[in-house]
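Close look at the chain arrangement
Chain by chain, the residues:
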Amino acid sequence: MSGTGRSALRNTDVLVAGSGSAGLATALFLAEQGVDCYLLGGLRERLRPPRILGVHPRAMELLRSLGVEEAVRDLPSARALARNSGIISMESLTGPELGALDAKYVVDADADLSGLSPTTWCLCDEAELEGALRERAERLGVRLRPDAELVSFEQEGWGDQGVLAVVRDRAGGEEHRVRACALVDAGGTGGAVREALGIGFDARTLGDFVTVRFTADLSGPLRGRRFIMGYVDNPGVRGSLMPLDNGADWLLHVRHDPEREPAASFTEERCAELVRAATGVADLEPRIESVSAWAGRAGVAERFGHGPVYLVGDAAHVMPPSGGFDAGTGVIDAHNLAWKLVAVLDGWAHPDLLDSYDEERRPVCAATAEQAVLRAGDRARLLAAYPDPADPELVQDPLVWLSSRYRSSAVTPWDEGTLPGYGLWAAENDGRPGSRAPHLRLRRGGAEISVHDLFGRSMVLLTGPDNRPWREAARSVAAELGTPVQVYGIGSDLEDLDDRWPELYGVTAQGAVLVRPDGVVAWRCTEAPIFTRTVLRGITKRVLRLDRRPAEKRTP
């Protein structure tokens, strides 16, 4: 990789293909820090069936950092589903309940997570979520082209000559060229970018499904229940009902064999019969709003990047909806990649830092996809009322959301012994390098904040109250390397409301923890070393790959 920097020669800093949640999140995380983004629509967004997303707490933390958490929770679907929880099985909506998903790995959407995160789970309609993100993107100046698509691209290195792309307007057919420092495929090209780069994507199909969106007043048969999903099993239908507003708007998912039952065979009349069987209301006259066929698949790309081209979201991985991991995983991809692009474009990190995106996200995404597959398989216990215990390989929901651990060139090695856990997930998040910084309730001025509200725009050095050596070291390192480093003294600048620092972070009162802009611990030091500046300088250069050679700073 060569030097970097933005200049007047480029058309945009980053071209993003795919305007689903992962693509929008990518553009937002970049635009919020002054990166010029050009966002294209995509094939997958047009073909995807309607669905309710479970946006898990880690993804909600990141949306909170963008200032859109309240807007998302205020969406009509999110307000309607705010108190829904649980997965049940039943003969039909009017028939007897057969069981409920009750396993140790499951944490309901209404569980109290205040000790782990400043936010909670959110259920919402995918289209509404994308609308909220799109509105925020427009305010930040992202150039949105929802009716444009990526036709082709050429890689020309890194920096101003990074990618030369051809973009086509779908309506008129006009084409124009866009030069960008980097290209991000967020699932908007149907795999064309992966194919052009020669990146394999071996995804297995777990089942084929048809989703029927219908409207009918089912408030009576619902009997005040507020479940997330209800599996139905009777001679007329085997599938699942999902309420969109706990009353009249519903989704019915049924499995089918495309060879014996092509999607075209699901006529409005047939779908109405399936709805009547699922609800148990024989004279119901539902209005069929849409019918969509889709495949439940699981797989991860062989690489998440090549040169100045990167994959996030559906372009990088697919997984079944069981567990509600897929949308949040794409948002985390976007956040991990975005801060690294910002750091390289602004000259305070070496371009080789971007190699850590694949090193970090691909193993975690593969493990997350496998957890979604295991959860899909475990649903059979619920439907058949099996007494057998859940698969021991199933990892608890909060660990999957919040406790993944990275091993890469962008974090210091784990040299503190083996951390107990489940593969990539730590059983206890104790602030070790590679893990998400543990949640702390803090008071700044008169307001309560989370430690996660401190992250996003710079490297952050968390210290105890007596931190003069650390402050001087950070000031010196920032001036020398051009790296933004913000120092916060827990107990001086910020009040620790629960008195959990430094125990939660595994340091003494004289120690410090270096946290990356994505809220991941890059390094920690239990005690203040004698040569504080030398140590902090070496660690910062190593994490940002500045030990290779200085990065070129951009011209304003």
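Our subject is the structure listed above.
Summarised in this report is the structure supplied together with it.

Reading the values: rules and limits
- Residues numbered from 1 in each chain as written.
- Predicted model: local features only at pLDDT ≥ 70, side-chain atom pairs only at ≥ 80, totals over all residues.
- Heavy atoms only, no water.
- Phe/Tyr/Trp six-rings, centres within 6.5 Å; stacked < 30°, edge-to-face > 60°.
- Helix = DSSP H or I, 4+ residues; strand = E, 2+ residues; numbered from the N terminus.
- Buried < 20%, exposed > 50% of the residue type's maximum accessible area, 1.4 Å probe, protein only.
- Pairing = 2+ DSSP bridges.

Section: the packing of aromatic side chains
Under the definition given, this model contains 7 aromatic pairs. Ring geometry for Trp121 and Trp401: centres 5.3 Å apart, planes at 45°, overall tilted. Taken together, the positions of Trp121 in the loop between strand E5 (97-100) and strand E6 (122-125) and Trp401 in helix H12 (residues 397-402) put the pair 280 residues apart, joining distant regions of the chain. You can call Trp121 buried: its relative accessible area is 13%. Trp401 gets classed as buried once you look at its relative accessible area, which sits at 4%. When the centroid spacing of 6.1 Å and the interplanar angle of 70° are considered together, the rings of Trp470 and Trp523 count as edge-to-face. Of this pair, Trp470 sits in helix H13 (residues 468-481) while Trp523 sits in strand E27 (residues 521-525), and the two are 53 residues apart along the sequence. Assigned by exposure class, Trp470 and Trp523 land together as buried.

Concerning the pairing of strand E10 (residues 175-185)
With 8 of 11 residues buried, E10 is to be regarded as a mostly interior element. Here 5 bridges tie strand E1 (residues 12-17) to E10, and the two strands are oriented parallel to one another. Of the residues in E10, the one forming a bridge with Val16 is Val184. For strand E9 (residues 163-169) and E10, the ladder comprises 6 bridges, and the chain directions are antiparallel. Bridge assignment links Val163 to a residue of E10, and that residue is Ala180. Hairpin connection, E9 to E10: the antiparallel pair is bridged by 5 residues, and Gly173 has positive phi, about 85°. Alignment of E10 against strand E17 (residues 309-311), held across 3 bridges, turns out to be parallel. Bridge assignment links Leu183 to a residue of E17, and that residue is Val309.

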